[in-house]
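Residue-level structural notes
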Amino acid sequence: MKKILAVLVNYGDEQLSFLYKVVDELRTFSKYDVTIVVNSNIELDIEGVDHVNVIELDNYQLLPMTCRQVIDLEADNFDYFIYSENDHLWREHHVDK
C-alpha cells in the first residue's frame, strides 16, 4: 500500500469545522496509508490527526512554508505528499488521478 503524508496548515480557530471535514475525508482513503500532520499557530486536539506542530512565527503568512520542512524531513518515508491549507477537501480520487 502506498503511503501518503498530508501536511495541513491551520491558523486560528475560524476554520476548525472544515479542518475536521478534511481530516475525516483523508481517513476514508482505502488505497493509501495516510499520515496527517497539522502545522498550526494554536494547540489542536483533533481525532485522526497523527501529529500537531505548534509553530510560533512573527509573520503567520509564512506558516504554509513550514510544511516544506516536514515534507523534507519525511521525504524518504512516503510515496506521495499532500501539502495544503485547511480549506481544501482532498478526496481519494484526487490522488488516484
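What comes next concerns the included structure. (Residues numbered from 1 in each chain as written. Predicted model: local features only at pLDDT ≥ 70, side-chain atom pairs only at ≥ 80, totals over all residues. Heavy atoms only, no water.)

A look at the packing of aromatic side chains
How we decide: Aromatic pairing here means that ring centres of Phe, Tyr or Trp (its six-membered ring) are within 6.5 Å. Orientation follows from the plane angle: under 30 degrees is stacked, over 60 is edge-to-face, and everything else is tilted. Our definition puts a charge over a ring when NZ of Lys or CZ of Arg is within 6 Å of the ring centre and also within 35 degrees of the ring normal.
Enumeration over the complete set of coordinates arrives at three aromatic pairs. Here the aromatic residues F29, Y32 and Y80 are joined through ring pairs into a cluster of three or more. Lying over the aromatic face of F78, K3 brings its terminal NZ or CZ to 5.1 Å of the ring centre.

Some points on the sheet that holds strand β1 (residues 2–10)
The pairing of strands in a sheet happens through backbone hydrogen bonds and is either parallel or antiparallel. Counted only if it meets this: Paired strands are those between which DSSP finds at least two bridges. Only DSSP runs of H or I reaching four residues or more are called helices, and only runs of E reaching two or more are called strands; each is numbered from the N terminus. Helix axes use the C-alpha atoms of the stretch in contact, all axes being lines fitted to C-alpha atoms, and the angles between their N-to-C directions lie in the range 0 to 180 degrees.
Read across the open sheet, the four strands follow the order β3-β2-β1-β4; overall the sheet is parallel. Both edges of this open sheet fall to β3 (51–54) and β4 (80–85), since each of them pairs with a single strand only. Within this sheet the neighbouring strands show an average axis-to-axis angle of 20°, counted without direction. The sheet contact formed by β1 and strand β2 (residues 32–40) spans nine bridges and is parallel. Bridge pairing links K2 to Y32 in β2.

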